[in-house]
Amino acid sequence: MTTTSSAEHTRRDFLFVATGAVAAVGAAAAVWPLISQMNPDASTIAAGAPIEVDLAPIAEGQDIKVFWRGKPIYIMNRTKKQVEEARAVPVSSLPDPQTDQARVKEGHDQWLVVIGICTHLGCIPIAHEGAYDGFFCPCHGSVYDTSGRIRQGPAPLNLPIPPYAFVSDTKIKIG
Amino acid sequence: MSGPSTYQPTNPALQWIEKRLPIIGLVHSSFVAYPTPRNLNYWWTFGGILSFMLGVQIVTGVILAMHYTPHVDMAFNSVESIVRDVNYGWLLRYLHSNGASMFFIAVYIHMLRGLYYGSYKAPREILWILGVIIYLLMMATGFMGYVLPWGQMSFWGATVITNLFSAIPYVGESIVTLLWGGYSVGNPTLNRFFSLHYLLPFVIAGVVVLHVWALHVAGQNNPAGVEPKTEKDTVPFTPYATIKDGFGMVCFMIFYAWFVFYIPNYLGDPDNYIPANPGVTPAHIVPEWYYLPFYAILRSIPSKLGGVIAMFSAIIVLAFLPWLDTAKTKSSKYRPLAKQFFWMFVVVAVLLGWLGGKPAEGIYIIAGRVLTFCYFAYFLIVLPILSRIETPRAVPNSIADDVLAKYGKKVASAIVALVLAGGLMAGGTQSAKAADEHGGPTPPSLSWSFAGPFGKFDRGALQRGYKVYKEVCSTCHSMSLIHFRNLADVGGPGFSAAQALAVASEIKVQDGPNDAGDMFERPGRLADPFPKPFPNENAARAANGGAYPPDLSLMAKARNYDRGFPQFVFDFFTQFQEKGPNYIDALLQGYVDPAPKDFALPPGAYYNKYFPGHAIKMPKPISDDQVTYDDGTPQKVENYAKDVSTFLMWTAEPHLEARKRIGLQVMVFLIIFAFLMYFTKKKVWANAH
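All values derive from a computational prediction rather than experimental measurement. (Residues numbered from 1 in each chain as written. Chains lettered and ligands numbered in written order. Predicted model: local features only at pLDDT ≥ 70, side-chain atom pairs only at ≥ 80, totals over all residues. Heavy atoms only, no water.)

### Points about the overall build of chain B
1) Next: Helix and strand counts for chain B come out as 25 helices and six strands.
2) Next: Over its C-alpha atoms, taken along the principal directions, chain B stretches across nearly 85 × 65 × 50 Å.
3) Next: Across the 689 residues of chain B, 52% fall into the buried class.
4) Next: Sequence separation of 24 or more characterises 77% of the internal contacts of chain B that already satisfy a separation of 6 or more.
5) Next: The distance from the centre of the 54 positive side-chain charges to the centre of the 45 negative ones in chain B is 12 Å. (Helix = DSSP H or I, 4+ residues; strand = E, 2+ residues; numbered from the N terminus. Buried < 20%, exposed > 50% of the residue type's maximum accessible area, 1.4 Å probe, protein only. Contact = heavy atoms within 4.5 Å. Lys, Arg positive; Asp, Glu negative; His and termini not counted. Charge placed at Lys NZ, Arg CZ, Asp CG, Glu CD.)

Structure representation (structure tokens):
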């Protein structure tokens, strides 16, 4: 008697566990599309395709702001002085150590291309302002140098470099 | 929910919470310990199914609202971009649009169950009235939701329904203006309908809480209609009712998934795939199937105010049911006459639904009046009289006695009746939609590679169809919803991204302004839509003898023809969804020149066998050898027609392959799950018998 009832018990338990497990799998699978729909849709992804920017109209010492994937990108034609300033500072003294050479493309050393979003809380820094001749963020006072590196204030990191490449001497492709 | 709980959790943390907020006890007493009559049949699972459907509608609706734009210029395209571009957007949209129909199917079964078993009688009058309120709220919500896609039926449905209020004497016109927020249905109307469509489901949820509260105070009715007397008459809600409701719910989900994945547009109206046009009313305005019986009542009264009063009375009369039917015996099982009249009433309601989908002419008007009389007579004459003259059979002494007695044959016949009822209603809608195409032959049903549960597009046909579209159709017809990137989409014509880009860069797109403020031309990109042949509608009309060549993006879902009874019932089972491509294919080959002698062809028109009214403004668009096929397919009009129809089916339903593939997975899963639930339910209930 005892054996039968315990065998009965196991079989029933198995059925309950199996049903519960299948229900859990189903619920998890049903949640997937509900979450996935929040990701960028196909039109947003298509609109985020690489863009080309003509550098010819940007004179030395000037900068332009272009938008790629909704983000402002600063393209700055730096003066010799600005480049020298950026390269003169000892890297080890920086909050986020990085050489200027690592932040520009070789052979195009005067061109600085950075994403103009403060690494503190996402405000847009103003170009040609601040104590380091680079960028100054008006929100919380972060100061970036002529290489877009953080020098002073609450921001933890340098301005990020977007993926880009020189198509020709006067044209870059961002993305 | 029936008073203070005596439940005490054993876990100290839960005890701490319970002392301060007795929520666990509330849940325990309402959904665990709550005694349910042990003789409930599967008709009682529809309460749970309805709660589930409300949840599905709220979740999918909140998500759709994240992507939808309530503006007259953007609403239609935003719905299409949900379906085309948002991840699983097609699934969410079809779940929501078919979910509304499922909600109503379940609520009608739920209401008829209440009617049959006398669930509105003392002490459940308030429970029943709350149910009628929920039903009214559902109708309002469903109506406003149908307006949001801003297609032709949305617009004209909104116009017709809001105009109902103009029947009110003296203040009617002012009320309608107030509802519209303008002098016609327009952007303010769409905005407020969106707002209210978002609000009302939560109001419904609130009334559902009251409904469940009232239910748990009065206790559930049951098929025997005798109240539980001893503990033997009831079983605890969990696990018994929970598992039974769960099994019912999974079976209902299979039915639901059949619609969503295989026939998502079966219950919809093709006209709603045509953007709203305030200048042209569709030939037949038909509401969604769930309003059809009331629509028939509205039309059968030959007075504007009278019709509106009759329509609203048809719903309000339900609230008075507890006082119209005063018979002591609750369940119709023991009322031989009431049972027969109940089924007659079901037939009357179904026939009214069928009439609601028919044009209001000839015999249909007379039939509508007779059936409207029958509808009201059931409530106002039959039930009051029956309560006085009928001799009921003896009811069982207790629920336990009822369980011992055998019953069940009724269930099968009821299912058959309900399936027929649903079929008839759906058919009514379908025939009404196509009724304007009288006189023309039915387009032949071709065999399409994308038909059926395993359907896939024929890549070769899609590529050839694209070529035909590009070289022939696109000279007059736009295709604004398709972008070059779509050519490389999975489940599409199978272009590589590089090929699609090459196609895109062949065209010039106006862009700008540049730094100097000038517009300039650049090569097309993948993100660009297909170019338009004309800058605007007026230019298109001027170049085409006054006719506006319609946009072709959704053409394969926006055209329809009558399949007739009983074909549309079979269409549900065979998943027939190819009316659009059949029609397009037939139309392209349906030119007859010269036109039949007895047909007066207007100037500038051409005779086409399959075009509604036969006089089409489009000249025969294609002839043999007009487009060069590189793959050896014969360059015949019939191949051109079939390929371009295939291509248009893809542009109308770009995720068709994914839909059917995921549908198969969901179906297999649900069927396995249903079996498991069935055996689990049997195991659980084995103890109770």
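### As for the domain arrangement of chain B
Residues and elements named next belong to chain B.
1) Next: Domains assigned within chain B are domain 1 (1–33), domain 2 (34–266 + 279–436 + 663–686) and domain 3 (440–482 + 529–654).
2) Next: Look at where the C-alpha atoms of domain 2 and domain 3 centre, and you get two points 37 Å apart.
3) Next: Across the boundary between the two partners, domain 2 contributes 22 residues, which contact 23 residues of domain 3.
4) Next: In this assembly, domain 2 packs against domain 3 so that about 1900 Å² is buried in total across both faces, 62% of it on carbon and sulfur atoms.
5) Next: Joining domain 2 to domain 3, the criterion identifies zero salt bridges.
6) Next: There are five residue pairs in polar contact (both at pLDDT 80 or more) connecting domain 2 and domain 3.
7) Next: Considering each element in turn, the side of domain 2 that touches domain 3 owes the most residues, eight residues, to helix 17 (residues 409–434).
8) Next: Residue composition of the side of domain 2 that touches domain 3, by class: 13 nonpolar, six polar and three charged. (Domains from an automatic or database assignment. Buried area = accessible area lost by both parts, 1.4 Å probe. Salt bridge = Lys/Arg side-chain N within 4 Å of Asp/Glu carboxyl O. Polar contact = N/O pair within 3.5 Å; in protein donor to acceptor, adjacent residues only side chain to side chain. Nonpolar A, V, L, I, M, F, W, Y, C, P; charged D, E, K, R; others polar.)

### Some remarks on the interface of chain B and chain A
1) Next: Taken together, the contact between chain B and chain A spans 21 residues of the former and 22 residues of the latter.
2) Next: For the pair chain B and chain A, the two sides together bury roughly 1900 Å², of which 72% comes from carbon and sulfur.
3) Next: Where chain B touches chain A, the interface holds zero salt bridges.
4) Next: Joining chain B to chain A, the criterion identifies five residue pairs in polar contact (both at pLDDT 80 or more).
5) Next: Mapped onto the side of chain B that touches chain A, the elements with two or more residues apiece are helix 3 (46–67), helix 5 (89–116) and helix 25 (656–686) of chain B.

### Description of a nonpolar patch on the surface
1) Next: Residues Leu136(B), Phe165(B), Ile168(B), Tyr170(B), Val171(B), Phe312(B), Ile316(B), Phe320(B) and Trp323(B) make up a contiguous nonpolar surface patch of roughly 920 Å² in combined accessible area.
2) Next: For Val171(B), a relative accessible area of 42% puts it in the partly exposed group. (Patch = residues over 30% accessible without salt bridge, like charges linked within 9 Å, V, L, I, M, F, W, Y side chains within 5 Å. Areas by Shrake-Rupley, 256 points an atom, 1.4 Å probe, with all protein chains shown as cover.)

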